[in-house]
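As a plain string of letters, each chain reads:
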Amino acid sequence: MSHEIAPLADAWLTALTNGKKILFFGNGGSAADAQHLAAELVVRYRINRPALAGIALTTDTSIITAHSNDFGFETLFSRQIEALAQPGDVVIGISTSGTSKNVLLGLQAANKLGCVTIAFTGEKGADCAAEAKLAFKAPSSITARVQECHLLIGHLLCDVVEQASAAA
């Protein structure tokens, strides 16, 4: 599995080293994972070190409710990507099924802006995984197991960038 994680870690490290940010998004439990991983970067994972740029696009209730009311739910993440993402940022769409339309559209918008896109999906997550430049497909179709794998991989990536940040 390390051969699957190394390109993801390289993408995170490259972005953060170059002053870029990592944007996370997903629905339901995946929204919670997005918030959790962004917090690990901004605050800390295991050691005290300088803050790292992580943003969860799932936390601003005013944006979420206004956009969903005015435009619908499908473009919720793509609209925020349009506003916040810049070339070289890493954009991580999390979808246990890999078919969430709003996650897919968010990844498409990020690709158009020149971001490095990563999908976290389950084993059948073909749509989002195909749209992303890099993907981690948890080896299960059981939602709880997929979410557990996503958090484990997210923590491993946080550990890699935190160790590199502390060493710099």
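Reference entry: report on the structure contained in this document. Given the structure is predicted, the values throughout are model-derived calculations rather than measurements.

Definitions and limits used
- Residues numbered from 1 in each chain as written.
- Predicted model: local features only at pLDDT ≥ 70, side-chain atom pairs only at ≥ 80, totals over all residues.
- Heavy atoms only, no water.
- Pairing = 2+ DSSP bridges.
- Helix = DSSP H or I, 4+ residues; strand = E, 2+ residues; numbered from the N terminus.
- Axes fitted to C-alpha atoms, helices over the stretch in contact; angles between N-to-C directions.
- Contact = heavy atoms within 4.5 Å.
- Buried < 20%, exposed > 50% of the residue type's maximum accessible area, 1.4 Å probe, protein only.
- Polar contact = N/O pair within 3.5 Å; in protein donor to acceptor, adjacent residues only side chain to side chain.
- Right-handed = clockwise from strand over helix to strand, strands pointing away.
- Phe/Tyr/Trp six-rings, centres within 6.5 Å; stacked < 30°, edge-to-face > 60°.
- Lys NZ or Arg CZ within 6 Å of the ring centre and 35° of its normal.

### A look at the sheet that holds strand E2 (residues 54–56)
On the basis of which strands lie adjacent, the open sheet formed by five strands has the order E2-E1-E3-E4-E5 and parallel pairing. At either end of the open sheet lies a strand with only one pairing partner, and these are E2 and strand E5 (134–137). Going from strand to strand, the sheet's axes swing by 15 degrees on average, the running direction of each strand aside. Here strand E1 (residues 22–26) pairs with strand E3 (residues 90–95) via five bridges, running parallel. In the strand pairing of E3, Leu23 is matched with Val91. In the packing of helix H5 (residues 101–112) onto the sheet, the strands contacted are E1, E3 and strand E4 (116–121), and the crossing angle to E3 comes to about 165 degrees.

### Notes on helix H3 (residues 61–70)
Within an α-helix, residues lying three or four positions from one another point in the same direction, as the helix has 3.6 residues per turn. Counted residue by residue, H3 has one buried out of ten residues, so it is predominantly exposed. Here H3 starts with a cap whose side-chain oxygen sits 3.1 Å from the backbone nitrogen of Ser62, and that cap is Asp60. Once H3 finishes, Gly72 follows within two positions and takes phi at roughly 105 degrees, a positive value.

### Points about the pairing of E3
Extensive coverage of E3 is indicated by the burial of six of its six residues. Along E3, one buried face is formed by Val90, Ile92 and Ile94 and the opposite face, lined by Val91, Gly93 and Ser95, is buried too. As judged from the six bridges shared by E3 and E4, these two strands associate in the parallel manner. By the bridge assignment, Val91 is partnered in E4 with Thr117. In the classification by handedness, the crossover that spans E3, the intervening H5 and the parallel E4 is right-handed.

### Here's the deal with the packing of aromatic side chains
Applying the stated criterion to the full structure yields three aromatic pairs. Seen in terms of ring centroids, Trp12 and Phe24 are 5.7 Å apart; in terms of plane orientation they differ by 75 degrees. Their pairing is edge-to-face. In this pair, Trp12 sits in helix H1 (residues 2–17) while Phe24 sits in strand E1, placing the two residues twelve residues apart along the sequence. Per residue, the accessibility class of Trp12 equals that of Phe24, and both read buried. Positioned above the aromatic ring of Phe71, the side-chain terminus of Arg79 is 5.5 Å from the ring centre.

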